Structures are given as C-alpha cells and as structure tokens.
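Letter by letter, the chains look like this.
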Amino acid sequence: MKNFIAFIICVTVIFFVGCDNSDPEPAKSVTDSMLKVSEGYAVGAAVKIEMYVKSPFKVGYNNVYFKLTDSTSGGVIDDSHIHLYPEMDMGTMKHGAPVVEVDHKAVDGLFSGAVVFSMPSGDMGKWNLIIEVHNHKNDKESSTSFEVNVSNAGSNLFKTITTLDDSTKLYLAIAEPQNPKVGINELTMSLHYQKDAFSFPKANGYTLQFEPTMPSMGHGSPNNVQPIDGLKGLHSGRVNFSMTGDWRMDVKVLKGTDEVAKTYFELNVSN
Amino acid sequence: MLATDNEEGFRGKPSLTIVIKLSVFLLLFLIIEALSQHFVTSDTLRERICLSEIEVDHLRTKDTLHSKAHASVSTDDMLGRMPELGMIRRGAFAMEPTIRGYSTSQINVNIDGMRIHGACTDKMDPATSYVEPINLDHIQVQTQADASRYGSSTGGTLYLGLRQPIINRDKPVSIQYTTGYGSNAQAWNQTGALNLSKSKSALRISGVYRQAQPYVAGGGERILYSGYGKYNVMLSAKHLVTNCSYLKADVLIDEGRNIGYPALLMDVSRAQSQVYALEHFYGPCIGNLQHVKTKIYFNNVHHIMDDSKRPNVSIRMDMPGWSNTIGTFAELAWSIHPKHYLQIRPEWVRHYSKAEMTMYPSQGAAMYMLTWPDNVRWQLGSFVQYSYTANSNNKVDFSVRVDEVRNQVFSEFGIRQMEVLLQSQDAKPIHWSLHLGALWEHQWSSKLRFSYSISYNERPPGATELFGFFIYNVLDGYDLIGNPKLRTEKSVRNSVTCLWYSSIFQLQTSVYYDKINDFIIGRTLSSDFSPMTLGANGVRMFVNHSSGNMAGFESKILAKVVKNIQFNHTLRYQKGWFDDGSNIPLIAPLRSINTLKYGSNSRSIVLESEWSAWRRRVNQEYGEKSTPSFVVVHLRANYPIFIKTHKLQLGVGVENMLDTKYREHLDWGGIPRPGRNIYANLSYAW
C-alpha cells in the first residue's frame, strides 16, 4: 500500500512538473510594438536613421520615433539634434507642415518628435519627410529624405482655422486621445500657425478651451480639465466621456480673454 | 429594438432551459420518493414538523392571508391592504412595497429566508412581483426589534413564507383550481395547485397564468400601456428523512411578458426570475434543541425594459438588467432552559447585478453605458436572539446582528465611467453594520397585552446607491448617480403595541417614533454635471443627508358585532420629516380600510370601503404634488354551488362600485386607478 501511495505521489509530481513548460520571456525591445517605416543614411554625418511609428501616417498629429546609429562605429547614438522638414510636393508648388521638435536625448534608444500632416498623400501630391541630423561624435550635419504615405484616416482630429482678429491661419490637431474611450482621457492638442509655406512655428499667446457634448442627447460630461500650454506648443488637459457613441468637442481659441476662433471635432467614443 | 437574449447571465432558449431544469427536478423527486420506502413512519411527529414553522404571536403582524379579498387577487393587492405597507405604483403590475414610509434599500424583502433582488434599475420588478399568493403560506411585516433577523435594514422586513407540500397519507391527492375574470381590464386569471402525498414525502405543483388588457380608469378613460401577462410555476418536494428531519426542494419560476408601465417612459418586454432552493430541517427530537434549519439557494432575475411599443419617444433605447443571488443560511433554535431561549442565524450571500442602457439616435452610432456596472456584493452576517421568559406575564428578547458587506465593481468599463464622475477609483467599498434590539412583552391582564420595542439599526447602501450611473427618476425628473463613499444609514426605532382582545372583539394598536441618521437620498449636484436623459432637470447623487424622523400609528379592529356579522377595520398614519423640516418623500397620509361581512366564509356578502385623506405633506423638491382624498367602495359575494358531492365556490363582486376616478398617493405620473370592475371567480378544491 505504501508503495502504491508513493507511486501516486510520484506520478502527480511528474504530471505537475511536466505541465510547467512555460519558456522564459524573451527580452522585449521598445520597437517591437512599433512599425519601422523607413531607414536610410545621412551620409555626410555617417548616421544610420531608422524611423518608427506606432500607427501608419495619417492626416493630423503623428508621433514619430528615430533610432540613430553611428555608421562607422556601429554604436547607438543617444544624444543628437534632429530637425524635421515635411514637404508636400504638388508638382507646381510645394509646402511644409507643422512639426513638434524632436528631443535631444533618446529614451530607450529612441528620439521622439511629431509631424502634423495637413493633407493626405495621393493624386494631389506626395509627402517627403526630410530629416536633418547633427552627429555630436564627429560634429557633422547631414540630412536624408524619406517618402511617406499619409492616409486620410485621422482627418477628424485635425482642423485649420483662421483667427477673426488678424486672419492668422492656425493648425489645430488632437495628439491624444487618438482612440477616445469611455472614462478619463488625457487630452493633448497641438497648435501651430502658418508663417510662410515652409514655416509653421508653435502658436504662442493663445489658450484653448473645450467642451465635450453628445449632440443627439444634449448632454456633456463633468470634471473636464481645460488644457494648459506646455512646452513645444502642446496644450494638455483631460477630457471625460461618460458613454459610447458620437461625441462632439467644441474648441475655442482665446487670445487673452477674447475668443478669436472656434471649431469642433467629431469623435467616436468606444468602450 | 429588443435586446438580444444571448447576453451574459441568460443563455439559450429560456423555455427549453426551464423544461430541462424542471425535468431534472422531477427526476430528483422520484429518486427521493423511491428511497423513502425504506424508512419508518411516524404520524404524530410529521404534523409537528409541518406546523413548526408557524409561530403564532399576536403582537406581531402576521397576516395569514386575511388580506385576500377574493380568490384571484395578486400579491400586490394583498400587500396593499396591510396597514404597515404602502405601495409605490408605476403600472398595473409589480408595485414596490414600502414599510412605514421606508423604501427600497431601507427595507428587506425576504422570500422564505432567501434574498432576491430585482434586476431593474428603475425598481420596476421588486422581489414581490415574482411571487404569487398561491406560492405563499404567510406574509409577515417585521417592524419590531427582531426585524433584522433576515438582513440588516433600517426600516424593517417584509417576509413572504412559501407554501410547503403537505404530507398526509390519508389524502394522497388534493387539487385546488380557480378561474377568474375581471371586466375592467378583460383580465383572465387561472390559478391551480396539486398536492401529491405519500407516507413520507409530498410534492406540490402550482401554477398561475394572468393576462390583462389596458384598464379603464374611473370616468371611462382607458389607460394605455397598462396591460400585462404573466405565468408562475412552483414545484416543491418534501421528504421526511428521519422522524426528526426533512429535506425540501423548491423551484419557483415566474415570467412576465409585455408589462406596461404607464407612469414611466418604457415598458417591459420580459421579466423573468428563477428560484432554486434546498432546505434541510432538523426537528424537535433531541433534548432542548428546538430546530436546526439549513438552506442553500440560488436565484436569477433577468429584466428587459424596452420602448418598442411607444409611438413617440425622443430616443429609442434598450435597458436590460441581470441580477443573481446565491446564498446559504442556518437557523438554530435552542431552548436552553424553560426560561432561556436562544436563536442563531448565520448567513452568507453573494449578489451580482448588472444593467445596461443602449440608445439608438436617429443617425450616428449607438450609445452605450452601464447603469449598474457589473458588481458583486458579498455579505456575511449573523443574527442572534436571546429570549428570557421571566414569568408568565413578562418576556424580554435581546437581539444582535453584525454584517460585513464587501462590494466590488468588476467591469473595467464601469470603473472608467465612475472615474469620469467621481475622479476616484473606489470600486471596492466595504461596510460593517450592526443591529441591537430589545423587546419587552407584558401580559397586563387576561385581555390586554403590551409590548415595547427599541432597536438600533445600520444598513449598508445598495448597488444603485453605490454604483448607479445616470438612472433616471421619473418622479423628480433627475438623473441619479451612485456614490461609493456612502456611509451606512442608521436608525433608532421605538414602538409600542397594545392588543386588547376578547372572544368577540380584538383591537391592536401600534405607535412608533424612529430617528434616522445618515439618511441616504439623492441631492442635486452643481450644474457642471449635465443630465444624460433628454429633458431631465439635473443630476443628483446619493449622499448621507442629515437626519430624518418617522412617526405614526396603525390600528386594527376585528369585531363580531352579532352572529354572522363581522367588522374589520384598519387605520394607519405615517409621517416622515427631515430635521430641516422638509418631508421625507413617498409617504402616504391617513388611510383606512373597513369591511363589513355578513354570513359565513363560503356564503357571504362583504361591503368594503377604502378611504384615504388628502395628502398635503409632500416634498416638491422630489417632484411630489399634493393629491386629493378619495373613497372607493367594493361589494363582494361568495356562494357555494354543489354538484352532487362536489363543491364549487363562486365569488363575484364589483370593485370601485361608484366608478370613482382616483389615485392612491404613491402612484406615479398622475395615472388614475382602475374604475368599476366586475369580477367572477369559480374555485374548486378537492
């Protein structure tokens, strides 16, 4: 009998031990969940540039990430000055688009910045993104250009508006939430103005005010936090949605206390 | 736009699942039945077991179906005639009971020891709507010190005791059947019960089918959306395991279809409940132990609100709800000494609820939210009562109850919704509640009894009060939201009851005064909160609002005036006010029901009047309006018809004889009650 019990225990132990065959998790890289859009060389500066995004380029606000490698030593660069120049080539004419400055320091090996595309790629023309890098190791500057395909998917999160007082053309885009959900959503909006065809500096001196409503129900939502102007022309606040469905977010642009422009975004809130 | 059935908590075809469950139950019964042949029988003891559950105590309100005006009445009609109770009416069906002005989460509604909670956020399906008079053995309104026996409450308990199968070897088969018709709503009612008995076991099957069209109010106006249909089936099997113990299994299924709620914006396409229970009872065989009863139960309620029958609505919507409860308890009664009696009742309950709202705008995406985010409440508690009989004239009871109630919201969607409102993530509130009570009963003289009861009670907030999300209240026009930070509500209740009785006259009077602290009620929030419902006045959140007071009295007279003439009278008065002087909402004024009966039970004429005073104590902040006094008169007659040896009982009557247009004070939406109704019931019992 004792032998039998020992046998049973033995089988049980083997069974349970045998079941535990989960592999140790492989080390994860931050770029695993991202999409590599392009890679190329800024030849004069001896830098290899890899460009990543979290979702494909679309009209409106796009976060973009760069991984830089010194092509002579093969070492990863985590300190550099990068400038972005988006360029729309429409054949007869060209124009730029607003950008959010790229950080000088890489986080987890990635430099992050953003581009606000004002129109989709297509028959009208194509977008090129010119990337200028300064390799601090050899103190050389150079650039490269990637053609990027911009879809029309995010056009509901981007507006151009003209101010009533001095007819400034403003570029307003919702950086987040890209996919609004029921609950508390961190809200970030970028605001730039058009100085000339290739220059879109951040629009200083404006404040943004928003109000979410559900037009078919005539109600809003409580406890929203109005955005404040942070660094880089990004306005951060909080927007709350209490149920799923079609919401409208009205945005007022104020200069001091005067309302100089207004617009609205149509958002589909999911669960 | 009916909600689909394949939602969580309700899978597959309902009718088929019921049939399967019933067949399994029948099979179980047959097995028990077969086994039973091996045991010895003892007739004397059996009777004691059958009766042991009915404690007769004149000082407590125990209405053994005296409120039953005629053979086809509904549970609502019966409850509405009990003086301690008020009925909040939103339609012709499923009224919500209140006890001495306390409502909803302030009271317990308990069915045979089991907790059952409706699945509707708008209280369209109180637990009482899922039981029929034929299921019931007795109804008990507990307002005294031991009212927390079946759960912590600040206002009292409405206890509905279920009928048991009767074990009687001499009567293996007994049948009762009633068919009835009411002219006003062209209402057909079929009620039947069958009791099968062997020497050691019995099976009882009962069924009810009701169908009513929209009724006509006094004066001739037809009240649209007031029709309903329902059926109710109950199976109960009881088996004597030994001379001292029995096993009992119950299945109770109730389903209402196309129930209209004229006072609300929506109707109900289906309201279904299923109750399953298994009970073991150990009787008075050994020593001082009186009994030990243990029970395990499960119930499942599914409620679908929709507005597909309403022609003009601002927005179409579906609002399904789910609620299920699983619980177990034990009851132990121990006579330590002829003078010392101890009762202990530990209990564990798990309750799940969820309710959704989906709105379909004329264009654009459907809008969805959880009005009750998926939440579970675990309750662990125990009630202990010690009774001391000092002498034949004095008895005191001391009772204690302690509960721990844990709540948790499970759905991440629900938590995010709550954060929008409250900016917090308190999705797991825990409450402790305490009850302490003392009752003194005194026999003053051979004809006068007296009792004084005092109790301190706490009750945890309910799911709506904690987690409700934009639940529209038609009465005040506000959207209500829950508050997970609520504290328990507390009450100190005092009451004095006197009973004066002789062989021909009985007068019982109760007077009470209660103080309620941390009263839970919705208070208006700042205008930053915009209501969800189109046209709502604003948003209210449940808070512990100051303190309130309840006071009032009830009196009942039963008199045999002369031979064959009996007079029955009830009178009640309730008053509730907050410390700031405003009135507590939903409290009806002075009301009296008087009945004069000539004849015996089977051959009689009954004249009856219901009278209520003008209601002036209203709270306009909660949408209440002053409502006028009314009196309605009913005439009923009972007559036996003999066909050979079989006796058929005929009951006919005219309700609201004068076709008075009136509304009871707690009726919502200014909807008048039914006008003249001529009914006839034919009953057969064998």
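Caption draft 1: Region of interest: the overall build of chain B. Secondary structure summary: chain B contains 5 helices and 31 strands in total. Expressed as a percentage of the 686 residues in chain B, the buried residues total 58%. For chain B, long-range pairs separated by at least 24 residues make up 68% of all intrachain contacts whose partners lie at least 6 apart in sequence. Summed over its atoms, the accessible surface of chain B is roughly 27300 Å², and 61% of this surface lies on carbon and sulfur atoms.

Caption draft 2: Layout of the interface of chain A and chain B. At the interface, 23 residues of chain A touch 24 residues of chain B. Between chain A and chain B, the buried area comes to about 1900 Å², and carbon and sulfur atoms account for 61% of it. A per-residue breakdown of the area chain A buries against chain B is headed by Met-217, Pro-222 and Asn-223 of chain A, which together make up 29% of the total. For the pair chain A and chain B, the number of links is 7 residue pairs in polar contact (both at pLDDT 80 or more).

Caption draft 3: Representation of the pairing of strand E18 (residues 245–255) of chain A in the model. Residue and element names in this part refer to chain A. The sheet contact formed by strand E14 (residues 206–214) and E18 spans 8 bridges and is antiparallel. Bridging across to E18, Leu-208 finds its partner in Val-253. Two strands pair when backbone bridges link them, and E18 and strand E19 (residues 258–269) are joined in this way by 11 bridges, in the antiparallel orientation. Paired with Lys-255 across the two strands is Asp-258, which belongs to E19. As consecutive antiparallel partners, E18 and E19 are separated by 2 residues, and within that stretch Gly-256 has a phi angle of approximately 65°, a positive value.

Caption draft 4: Examining the sheet that holds strand E10 (residues 140–148) of chain A more closely. Residues and elements named next belong to chain A. Strand order in the open sheet made by the 4 strands is E6-E5-E9-E10, with antiparallel pairing throughout. Looking along the sheet, the strands with just one partner apiece sit at the ends: strand E6 (94–95) and E10. With 10 bridges joining them, strand E5 (residues 80–89) and strand E9 (residues 126–135) adopt antiparallel strand pairing. Within the sheet, the bridge partner assigned to Pro-86 lies in E9 and is Leu-129.

Caption draft 5: Structural view of the nonpolar core. Among the nonpolar cores identified, the biggest contains 111 residues, and Met-189 and Met-249 of chain A together with Leu-158 of chain B are the most heavily contacted of them. With 5 residues, the single largest contributor to this core is E19 of chain A. Once you skip the residues sitting within four places of it in the chain, Met-189 of chain A turns out to touch Leu-172, Ala-173, Ile-174, Ala-175, Leu-208, Pro-227, Gly-233, Leu-234, His-235, Met-249, Val-251 and Phe-265 of chain A. Counting residues in hydrophobic clusters, the runner-up holds 39 residues, among them Val-53, Leu-84, Ala-114 and Phe-146 of chain A.

Caption draft 6: Expanded view of empty space enclosed by the protein. Residues and elements named next belong to chain B. Tallied over the entire structure, the rule returns 12 cavities of 30 Å³ or more. Of the volumes computed, that of the second largest cavity is approximately 940 Å³. Taken together, 47 residues form the lining of the second largest cavity, with Asp-77, Arg-89, Glu-655, Arg-673 and Pro-674 sitting closest to its centre. Residue assignment for the lining of the second largest cavity shows that the elements contributing at least two residues are helix H3 (75–80), strand E2 (85–88), strand E8 (173–182), strand E9 (187–197), strand E10 (201–212), strand E28 (604–612), strand E29 (630–643) and strand E31 (677–685). Looking at the lining of the second largest cavity, its residues break down into 17 nonpolar, 17 polar and 13 charged.

Caption draft 7: Broad picture of the packing of aromatic side chains. Scanning the entire structure with this criterion turns up 19 aromatic pairs over all chains. Ring centres 6.4 Å apart and planes at 40° place the aromatic pair Tyr-513 of chain B and Trp-577 of chain B in the tilted group. Of this pair, Tyr-513 of chain B sits in strand E24 (residues 505–524) while Trp-577 of chain B sits in strand E26 (residues 565–578); the two residues are 64 residues apart in sequence, bridging distant segments of the chain. The exposure class assigned to Tyr-513 of chain B is partly exposed, which follows from its relative accessible area of 36%. Overall, Trp-577 of chain B belongs to the partly exposed group, its relative accessible area being 23%. Taken together, the ring pairs in this structure connect Phe-57, Phe-117 and Trp-127 of chain A into an aromatic cluster. The ring of Trp-322 of chain B has Lys-354 of chain B lying over it, and the distance from NZ or CZ to the ring centre is 5.3 Å. Above the ring of Trp-577 of chain B, the side-chain terminus of Lys-575 of chain B is found at 4.7 Å from the ring centroid.

Caption draft 8: View of the sheet that holds E14 of chain A. The strand order across the open sheet formed by 4 strands is E15-E14-E18-E19 (chain A), and the pairing between neighbours is antiparallel. The open sheet is flanked by strand E15 (219–220) and E19 of chain A, the only strands paired with a single partner.

Caption draft 9: Expanded view of the environment of Ala-175 of chain A. All names here are of chain A. Here Ala-175 shows up in strand E12 (residues 169–176). For Ala-175, a relative accessible area of 8% corresponds to the buried category. Through-space distance from the C-alpha of Ala-175 to that of Lys-232 is 13 Å; in sequence the pair is 57 residues apart. The contacts of Ala-175, once residues within four sequence positions are left out, are Tyr-61, Thr-188 and Met-189.

Caption draft 10: Representation of helix H4 (residues 412–422) of chain B in the model. Within H4 of chain B, 8 of the 11 residues are buried, which leaves it mostly tucked inside the rest of the structure. Of the residues making up H4 of chain B, those classed as buried are Phe-413, Gly-414, Arg-416, Gln-417, Met-418, Glu-419, Val-420 and Leu-421 of chain B. On its buried face, H4 of chain B is in contact with strand E13 (183–193) and strand E17 (234–241) of chain A together with strand E17 (367–391), strand E18 (394–409), helix H5 (463–467) and strand E22 (478–481) of chain B. One or two positions beyond H4 of chain B, positive phi appears at Gln-423 of chain B, with a value near 60°.

Caption draft 11: Representation of the confidence of the model for chain A. The share of residues in chain A with pLDDT of 70 or more is 90%, and the mean pLDDT across the chain is 87. Long-range and interchain partners of residues 14–22 of chain A, a stretch whose pLDDT sits below 50, account for 0 contacts in this model, where long-range means more than four residues apart.

Caption draft 12: Geometry of a nonpolar patch on the surface. Residues and elements named next belong to chain B. Nonpolar side chains collect at one region of the surface, where Val-384, Val-400, Val-402, Ile-430, Trp-432, Leu-434 and Leu-436 lie side by side and expose about 560 Å² of accessible area between them. Per element, the largest residue contribution to the nonpolar patch is 4 residues, and it comes from strand E19 (residues 430–445). In this fold, Val-384 is placed in strand E17. Here Val-384 falls in the partly exposed class, since its relative accessible area comes to 32%.

Caption draft 13: View of the environment of Thr-570 of chain B. Residue and element names in this part refer to chain B. Considering the arrangement of structural elements, one finds Thr-570 in strand E26. Measuring from C-alpha to C-alpha, the distance between Thr-570 and Arg-100 comes to 14 Å, with 470 residues separating the pair along the chain. When neighbours within four sequence positions are excluded, Thr-570 is seen to be in contact with Pro-83, Ser-555, Lys-556, Arg-591, Ser-592 and Ile-593.

Caption draft 14: Broad picture of the side chain of Thr-488 of chain B. Structurally, the position occupied by Thr-488 of chain B is in the loop between E22 and strand E23 (489–501). Thr-488 of chain B has contacts with His-431, Trp-432, Glu-458, Arg-459, Pro-460, Asp-518 and Asn-544 of chain B, leaving out every residue within four places of it along the chain.

Caption draft 15: Quick peek at the side chain of Ser-129 of chain B. Structurally, Ser-129 of chain B is set in the loop between strand E5 (114–115) and strand E6 (136–142). In terms of polar contacts, Ser-129 of chain B uses its side chain to reach the backbone carbonyl oxygen of Pro-126 of chain B, at 2.7 Å.

Caption draft 16: Looking closely at the pattern of salt bridges. All names here are of chain B. Inspection of the entire model under this criterion finds 47 salt bridges over all chains. The closest approach of N and O atoms between Lys-395 and Asp-397, which form a salt bridge, is 3.7 Å. We note a salt bridge from Arg-401 to Asp-403, for which the minimum N-O separation is 2.6 Å. Taken together, the shared-partner salt bridges in this structure form one network comprising Arg-115, Glu-331, Arg-345, Glu-347, Arg-401 and Asp-403.

Caption draft 17: View of unusual backbone geometry. Note that the residue after Glu-176 of chain A, namely Pro-177 of chain A, is joined by a cis bond; omega there is 5°. With respect to the helices and strands, Pro-177 of chain A occurs in the loop between E12 and E13. Its identity is not glycine, yet Lys-123 of chain B carries a phi of approximately 60°, on the positive side. The residue Lys-123 of chain B is located in the loop between E5 and E6 in this model.

Caption draft 18: Expanded view of the pairing of strand E14 (residues 289–306) of chain B. Residue and element names in this part refer to chain B. With 13 of 18 residues buried, E14 lies mostly within the body of the structure. In terms of strand pairing, strand E13 (residues 267–282) meets E14 through 15 bridges, oriented antiparallel. What sits directly across from Ala-277, in E14, is Tyr-297. In the sheet, E14 pairs with strand E15 (residues 316–337) via 17 bridges, with the strands oriented antiparallel.

Cut-offs used in this document
Residues numbered from 1 in each chain as written. Chains lettered and ligands numbered in written order. Predicted model: local features only at pLDDT ≥ 70, side-chain atom pairs only at ≥ 80, totals over all residues. Heavy atoms only, no water. Helix = DSSP H or I, 4+ residues; strand = E, 2+ residues; numbered from the N terminus. Buried < 20%, exposed > 50% of the residue type's maximum accessible area, 1.4 Å probe, protein only. Contact = heavy atoms within 4.5 Å. Areas by Shrake-Rupley, 256 points an atom, 1.4 Å probe, with all protein chains shown as cover. Buried area = accessible area lost by both parts, 1.4 Å probe. Polar contact = N/O pair within 3.5 Å; in protein donor to acceptor, adjacent residues only side chain to side chain. Pairing = 2+ DSSP bridges. Core = buried A, V, L, I, M, F, W, Y, C linked by side-chain atoms within 4.5 Å. 1 Å grid on protein atoms, 1.4 Å probe; cavity = no way out; pocket = protein on both sides within 12 Å on 5 of 7 lines; lining within 4 Å. Points joined across faces, edges and corners; volume = space filled by probe spheres on them. Nonpolar A, V, L, I, M, F, W, Y, C, P; charged D, E, K, R; others polar. Phe/Tyr/Trp six-rings, centres within 6.5 Å; stacked < 30°, edge-to-face > 60°. Lys NZ or Arg CZ within 6 Å of the ring centre and 35° of its normal. pLDDT = per-residue confidence, 0-100. Patch = residues over 30% accessible without salt bridge, like charges linked within 9 Å, V, L, I, M, F, W, Y side chains within 5 Å. Salt bridge = Lys/Arg side-chain N within 4 Å of Asp/Glu carboxyl O.

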